[in-house]
Every structure is written in structure tokens, then in C-alpha cells.
Amino acid sequence: MAGTLYLIPVPLGPTAPQESLPANVLASIRPLTYFVVEQAKTARAFLKAAGTDLPLQELQLQELNEHTKANELDRLLEPLRAGHDVGLLSEAGCPAVADPGANLVALAQKEGIRVVPLIGPSSLLLALMASGLNGQRFAFQGYLPAKEVERTKMLRDLENESKKRQQTQIFIETPYRNRAMFDAILHACQPATRLTVATDLTLPGESVLTRTIQVWKKQTPPEIERRPTVFLLLA
């Protein structure tokens with residue numbers, strides 16, 4: 001029989017796994033020998049903190065990231081086909097959500113391999129929970145275009161869709177471009193549209209603020225540069 005692919009959440013920042021992961025998740029990690037990870041170095045640091053039954057040097061880590069080619073995915077399933085359980089790790093948060101691990105999960109599902117998602121922090125859901133925006137109808141848009149003209153058009157399209165469907169739009173940005181994204185939203189969106197800026201979720205500097213665009217324009221911009229941030233808007 002094939003093994004099980006466990007989707008293992010990782011803390012959203014430099015905190016101990018024991019502070020944000022349930023005991024049963026940590027217990028699921030310990031006996032595993034095989035892992036698929038974004039970056040081996042940071043994965044080893046996480047696994048050392050989480051605790052494993054085997055010494056770190058005996059664990060089998062294979063990388064899956066933006067540099068992995070489609071024809072290389074198949075070999076990552078070999079331990080599963082051989083009957084071994086495998087843990088899939090993202091760099092932070094839940095694997096396979098805005099994460100290259102989704103491609104491996106899709107292949108595992110195609111082959112009928114059991115996939116088990118484990119409980120852990122998701123910045124997207126935490127931000128939505130604390131936003132006060134529509135939590136019944138929402139859409140995650142991932143990363144928006146980096147070029148100004150394309151980004152502005154996308155923001156206006158998302159705002160129109162939000163107004164039409166009363167749908168919360170959720171998106172993220174590379175941390176060093178957070179301020180540019182914030183400024184672009186204020187420029188593109190209507191005064192009455194509500195914007196939530198959720199920063200450093202689960203970390204000591206956590207902040208979740210919801211204001212209308214009109215109010216945001218009158219306030220000092222939030223300190224979000226180079227800090228993990230989720231943006232949500234509702235027209």
C-alpha cells in the first residue's frame with residue numbers, strides 16, 4: 001500500500017512550533033523519515049524545534065519550490081509509492097496554499113494517494129476572521145501584478161467584483177513591496193471601500209486594522225514594509 005502524504009503547517013514567523021501547532025500535529029511529525037520541503041536549511045531548523053524520532057542527519061529531505069520543474073515532481077512521490085509516509089512543508093503557514101506544494105498534492109490525488117491536512121496557522125483565514133469583512137463569501141487572489149498599470153486595473157476589477165457579489169477579496173504581496181501595494185490600493189479604490197491590513201499575524205507585533213479608503217488616506221500609513229502582510233477589501 002502507498003504511504004500517506006501529511007500536509008504539515010509551519011509557524012508564520014520565528015516562534016517555537018509548540019506555540020502555534022497542536023500536540024497531535026507535533027506527534028504526527030516525529031515518526032516521519034521522508035519530507036518534501038521548500039528549503040532544506042529552514043526545514044531542518046523547524047524539524048529540530050518540532051522534534052523528530054530520528055537524528056536530523058538521518059531524515060530524507062527533498063526540495064520542491066519555484067525552481068522545481070514539472071517533470072521532477074514524479075520522483076517526489078517515490079517514497080509514498082514504496083509505502084512510506086511523507087511530510088510536506090511550506091516555508092510558513094499551510095502547505096499547498098499559495099505554495100508550490102499544491103502541484104505535489106494534485107499528483108498524489110491523481111494517483112489515489114491518501115492526503116491528510118494537519119491543523120495549523122493560516123494567515124489568510126486569520127486575517128479574514130479579524131477583518132470584520134464578509135466571511136461567508138470571499139476569494140483569495142494570490143499575488144497581484146507587480147507592474148503599476150496592470151496592478152491598478154486588477155485592483156479596480158477586484159473592487160467591482162467585490163461590490164457586485166459582496167465578496168471579500170484577499171491578496172498578498174512580497175513584503176518589500178507592501179507599501180507600494182498599500183499606496184496603489186488607496187489610489188485605485190473608491191472612498192467607501194473597506195480595506196483591512198493584517199500584519200505579523202501570530203507574532204508579537206501583530207496588527208489587524210480595517211478602515212475605509214477615505215479614512216486610510218487621512219491616517220499615517222501602517223508600518224508594513226518588509227513584514228508579512230495580508231490585504232483584504234470589500235466594496
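Above: the structure in question.
1. Brief notes about the overall build of the chain
A count of helices and strands for the chain gives 10 helices and 10 strands. Its C-alpha radius of gyration of 20 Å places the chain within 12% of the 18 Å reference for a compact globule of 235 residues. Taken along its principal axes, the extent of the C-alpha atoms in the chain is 55 × 35 × 30 Å. Every one of the 235 residues in the chain was classed for burial, and the buried ones make up 44%. Across the chain, every contact between residues at least 6 apart in sequence was considered, and the portion connecting residues at least 24 apart equals 74%. Carbon and sulfur atoms form 51% of the exposed surface of the chain, whose accessible area is close to 12,200 Å². Distance between charge centres in the chain, computed from 25 positive and 24 negative side chains, equals 8 Å.

2. Things to note about the sheet that holds strand E5 (residues 114–117)
Here we have 5 strands laid out as an open sheet, ordered E3-E2-E4-E1-E5, and parallel in their pairing. Strands with a single pairing partner mark the edges of an open sheet, and in this sheet they are strand E3 (60–63) and E5. Ignoring strand direction, the axes of neighbouring strands in this sheet form an average angle of 25 degrees. Taken together, the 4 bridges between strand E2 (residues 34–37) and E3 define a ladder with parallel strand orientation. When the bridges of E3 are listed, Phe-35 appears paired with Leu-61. Docked against the sheet, helix H3 (residues 40–50) engages strand E1 (4–8), E2, E3 and strand E4 (86–89), running at close to 140 degrees with respect to E3. Contacting E1, E2, E4 and E5, helix H6 (residues 101–110) runs over the sheet at an angle of about 155 degrees to E1.

3. Looking at the pairing of strand E10 (residues 229–234)
Of all the 6 residues making up E10, 6 are buried; the element is thus mostly covered by neighbouring parts of the structure. Of the two faces of E10, the one carrying Thr-229, Phe-231 and Leu-233 and the one carrying Val-230, Leu-232 and Leu-234 are both buried. Taken together, the 4 bridges between strand E7 (residues 168–172) and E10 define a ladder with antiparallel strand orientation. Following the sheet pairing, Phe-171 is matched in E10 by Phe-231. Where strand E8 (residues 194–199) meets E10, 6 bridges bridge the pair, whose relative direction is antiparallel. Residue Val-197 lies in a different strand from E10, and its bridge partner there is Phe-231.

Procedures and definitions
Residues numbered from 1 in each chain as written. Predicted model: local features only at pLDDT ≥ 70, side-chain atom pairs only at ≥ 80, totals over all residues. Heavy atoms only, no water. Helix = DSSP H or I, 4+ residues; strand = E, 2+ residues; numbered from the N terminus. Rg over C-alpha atoms; globule rule 2.2 N^0.38 Å. Buried < 20%, exposed > 50% of the residue type's maximum accessible area, 1.4 Å probe, protein only. Contact = heavy atoms within 4.5 Å. Areas by Shrake-Rupley, 256 points an atom, 1.4 Å probe, with all protein chains shown as cover. Lys, Arg positive; Asp, Glu negative; His and termini not counted. Charge placed at Lys NZ, Arg CZ, Asp CG, Glu CD. Pairing = 2+ DSSP bridges. Axes fitted to C-alpha atoms, helices over the stretch in contact; angles between N-to-C directions.

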